[in-house]
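Structural overview for review
What follows is each chain in one-letter form.
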Amino acid sequence: QVQLVESGGGLVQTGGSLRLSCVASGRSFSVYGMGWFRQAPGKEREFVAAINWSGERRYYADSVKGRFTFSRDNAKNTVVLQMNSLKPEDTAVYYCAVDRFSYRNVPRDPAEYADWGQGTQVTVSS
């Protein structure tokens with residue numbers, strides 16, 4: 001099991017920005033895709049963004065496209081979600097996760113991810 005630690009959540013006003021980081025342990029970090037998911041109170045966990053093993057392919061939920069940017073630094077075993085123009089609807093616990101399989105086109109379905117962090121709370125005030 002890969003150990004994942006998220007950080008960077010907090011309270012921000014509408015239109016503000018936050019940067020979430022996720023640091024992963026494991027020697028094979030660079031061969032797996034990574035995903036960010038979020039879960040709001042009373043809601044199902046939903047896809048936010050994904051990045052493939054090399055960082056060359058990135059995917060975003062329509063709700064965050066143009067506002068969020070997903071990047072990775074394999075040398076630091078770290079992925080970052082830059083969140084701009086935040087809205088109250090973005091309020092949720094955000095989780096990073098590791099794809100179950102290496103070297104594939106990274107999926108959007110949370111069931112396709114094997115290891116999860118504990119999450120970091122993002123709250124956007126109106």
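Refer to the preceding data block for the structure.
Residues numbered from 1 in each chain as written. Predicted model: local features only at pLDDT ≥ 70, side-chain atom pairs only at ≥ 80, totals over all residues. Heavy atoms only, no water.

**Regarding the overall build of the chain**
- A tally of helices and strands in the chain yields zero helices and 11 strands.
- Secondary structure elements of the chain occur, N-terminal to C-terminal, as β-β-β-β-β-β-β-β-β-β-β.
- Taken against the 2.2 N^0.38 rule, which gives 14 Å for 126 residues, the C-alpha radius of gyration of the chain at 13 Å falls within 12% of a compact globule.
- Dimensions along the principal axes, computed over C-alpha positions, put the chain at roughly 40 × 25 × 25 Å.
- Residue burial in the chain is summarised as follows: out of 126 residues, 43% are buried.
- Sequence-distant contacts in the chain: of pairs separated by 6 or more residues, those separated by 24 or more amount to 58%.
- Element-wise, carbon and sulfur atoms account for 45% of the exposed surface of the chain, whose accessible area totals about 6,600 Å².
- If you average the places of the 15 positive and of the 12 negative side-chain charges in the chain, the two averages end up 4 Å apart. (Helix = DSSP H or I, 4+ residues; strand = E, 2+ residues; numbered from the N terminus. Rg over C-alpha atoms; globule rule 2.2 N^0.38 Å. Buried < 20%, exposed > 50% of the residue type's maximum accessible area, 1.4 Å probe, protein only. Contact = heavy atoms within 4.5 Å. Areas by Shrake-Rupley, 256 points an atom, 1.4 Å probe, with all protein chains shown as cover. Lys, Arg positive; Asp, Glu negative; His and termini not counted. Charge placed at Lys NZ, Arg CZ, Asp CG, Glu CD.)

**Notes on the sheet that holds strand β7 (residues 68–73)**
- Here we have four strands laid out as an open sheet, ordered β1-β3-β8-β7, and antiparallel in their pairing. One side of each edge strand has no neighbouring strand; the edge strands of this open sheet are β1 (4–7) and β7. Neighbouring strand axes in the sheet, compared pairwise and without regard to direction, differ in orientation by 15° on average.
- For β7 and strand β8 (residues 78–83), the ladder comprises six bridges, and the chain directions are antiparallel. Residue D73 lies in a different strand from β8, and its bridge partner there is T78. (Pairing = 2+ DSSP bridges. Axes fitted to C-alpha atoms, helices over the stretch in contact; angles between N-to-C directions.)

**Considering the packing of aromatic side chains**
- Applying the stated criterion across every chain yields a total of seven aromatic pairs.
- A ring pair is formed by W36 and F70, whose centres lie 6.5 Å apart and whose planes are at 65°; its orientation type is edge-to-face. Taken as a pair, W36 in strand β4 (residues 32–39) and F70 in strand β7 lie far apart in primary sequence, 34 residues in all.
- Among the residues examined, W36 registers a relative accessible area of 0% and is labelled buried.
- Against the face of Y95 rests R45, its NZ or CZ located 3.9 Å from the ring centre.
- Stacked on the ring of F29, the Lys or Arg R72 has its end atom at 4.5 Å from the ring centre. (Phe/Tyr/Trp six-rings, centres within 6.5 Å; stacked < 30°, edge-to-face > 60°. Lys NZ or Arg CZ within 6 Å of the ring centre and 35° of its normal.)

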